Amino acid sequence: MGKHAEELEALQLALVRTQAAALASGERTVLILEGRDGAGKDGTIKRIVEHLSPRATRVVALPKPSDRERTQWYFQRYVAHLPAAGELVIFNRSWYNRAGVEVVMGFSTPAEQAEFLRDAPDFERMLVESGIKLVKVWLDISKDEQKERLDARREEPLKALKVSDMDAVAQAKWEEYSAARDRMLARTHTPLAPWVCVRADKKPRARAAVIRHLLHQIAPADVARDVGAPDPDVLFAFEMAATQDGRLAP
């Protein structure tokens, strides 16, 4: 077994112990995974949930809203998927669609986008104050790495279901996505619901960093103390300086 495989196995065991404790205590957790197309959300989620209980773990990746859902309060369809006692819910993309792809592609109005950036911190404050542990992770990759991964999707038959219409514009609108990312992180990074950013060009290191961070946020003390801190060169708390100093891809 290689070094990365051994590390992953130890981290997954810590996740299993953490979930067992959550089932006993009733703790509720929401993990939000956001990032550019091809940033590694699916692969990261696969490693997190691999040995967890399907009954207590849900991965939510909602399709585009229906005509009826478009008339609802924006957060309404996400509320329906929030965890009950003992559950871990992972949003593979989340309400932050409104601050990312909808901005770049014009799927919502500037007024709706501004309303979202104003309301999201209050919505998340209510979640945290209700007792939910909320963990927000932004996976960031370089433009060259994204191109390589999106090209591989189109060429690999087993990845055919990952190909989307959005892939075609991810590179062409790279700068617009960067601007939307910076605005989103700046406006929604709060003391109660902070963002951490992950430099995800190296998949095994990024996945390990995300799991280590998640464990430090939600694991019982006797589990967390045996888990090393995430590599600070890979995972760091968001700050505006990161948009200028190269830690986040320009």
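A short tour of the structure in this document, coming up. (Residues numbered from 1 in each chain as written. Predicted model: local features only at pLDDT ≥ 70, side-chain atom pairs only at ≥ 80, totals over all residues. Heavy atoms only, no water.)

### As for the packing of aromatic side chains
Here the structure, examined in full by the defined rule, presents 14 aromatic pairs. When the ring of Tyr-78 is compared with that of Trp-95, the centres are 5.8 Å apart and the planes differ by 85°; the resulting orientation is edge-to-face. You can see Tyr-78 sitting in helix 3 (residues 76-79) and its partner Trp-95 sitting in the loop between strand 3 (88-92) and helix 4 (101-105), a full 17 residues away along the chain. Grouping residues by exposure puts Tyr-78 and Trp-95 together as buried. An aromatic cluster is present here, built from Trp-73, Tyr-74, Phe-75, Tyr-78, Phe-91, Trp-95, Tyr-96, Phe-116, Phe-123 and Trp-195 joined pairwise through their rings. Looking at Arg-36, its charged tip hangs above the ring of Trp-174, at a distance of 3.5 Å from the centre. The ring centre of Phe-236 lies 5.1 Å from the NZ or CZ of Arg-247, which sits over that ring. (Phe/Tyr/Trp six-rings, centres within 6.5 Å; stacked < 30°, edge-to-face > 60°. Helix = DSSP H or I, 4+ residues; strand = E, 2+ residues; numbered from the N terminus. Buried < 20%, exposed > 50% of the residue type's maximum accessible area, 1.4 Å probe, protein only. Lys NZ or Arg CZ within 6 Å of the ring centre and 35° of its normal.)

### Topic: helix 5 (residues 110-129)
Relative to the 28 Å expected for 20 residues at 1.5 Å per residue, helix 5 spans 29 Å between its end C-alpha atoms, a close match to the ideal helical length. At Asp-119, helix 5 is deflected by roughly 35°, the largest bend along its length, and proline Pro-121 occurs up to four residues later in sequence. For helix 5, every residue scored as buried is listed here: Gln-113, Phe-116, Leu-117, Ala-120, Pro-121, Phe-123, Glu-124 and Leu-127. In this fold, the buried residues of helix 5 make contact with helix 3, helix 4, strand 4 (132-140) and helix 8 (174-188). Phi turns positive, to about 110°, at Gly-131, one or two residues after helix 5. (Expected span 1.5 Å × (residues − 1). Bend = angle between axes of the 7 residues up to and from the residue. Contact = heavy atoms within 4.5 Å.)

### Quick look at unusual backbone geometry
Backbone geometry places Arg-93, a non-glycine residue, at a positive phi of 70°. Examined against the element boundaries, Arg-93 turns out to sit in the loop between strand 3 and helix 4.

### Here we look at the nonpolar core
Nonpolar side chains in soluble globular proteins tend to end up buried together. The biggest cluster of nonpolar side chains holds 32 residues, and the ones touching the most others in it are Leu-31, Leu-33, Ile-48, Val-137, Leu-139, Val-198 and Leu-215. Elements supplying a minimum of two residues to this core: helix 1 (3-25), strand 1 (28-35), helix 2 (41-49), strand 3, strand 4, strand 5 (195-199), helix 9 (203-218) and helix 10 (221-224). When sequence neighbours within four positions are dropped, the list of residues in contact with Leu-33 reads Lys-41, Thr-44, Ile-45, Ile-90, Phe-91, Asn-92, Arg-93, Val-137, Leu-139 and Val-210. Leu-117, Met-184, Leu-185 and Ala-242 belong to the second-largest nonpolar core, a separate cluster that totals 29 residues. (Core = buried A, V, L, I, M, F, W, Y, C linked by side-chain atoms within 4.5 Å.)

### A short note on the sheet that holds strand 4
Through backbone hydrogen bonds, the strands of a sheet pair up, either in parallel or in antiparallel fashion. Pairing in this open sheet of six strands is mixed, and the strands run 2-3-1-4-5-6 from one edge to the other. Pairing within the sheet leaves two strands with one partner each, and these edge strands are strand 2 (57-60) and strand 6 (235-237). The sheet shows a mean angle of 20° between the axes of neighbouring strands, taken without regard to direction. Strand contacts of helix 8: strand 4 and strand 5, with the helix running at about 155° to strand 4, the strand carrying the most contacts. (Pairing = 2+ DSSP bridges. Axes fitted to C-alpha atoms, helices over the stretch in contact; angles between N-to-C directions.)

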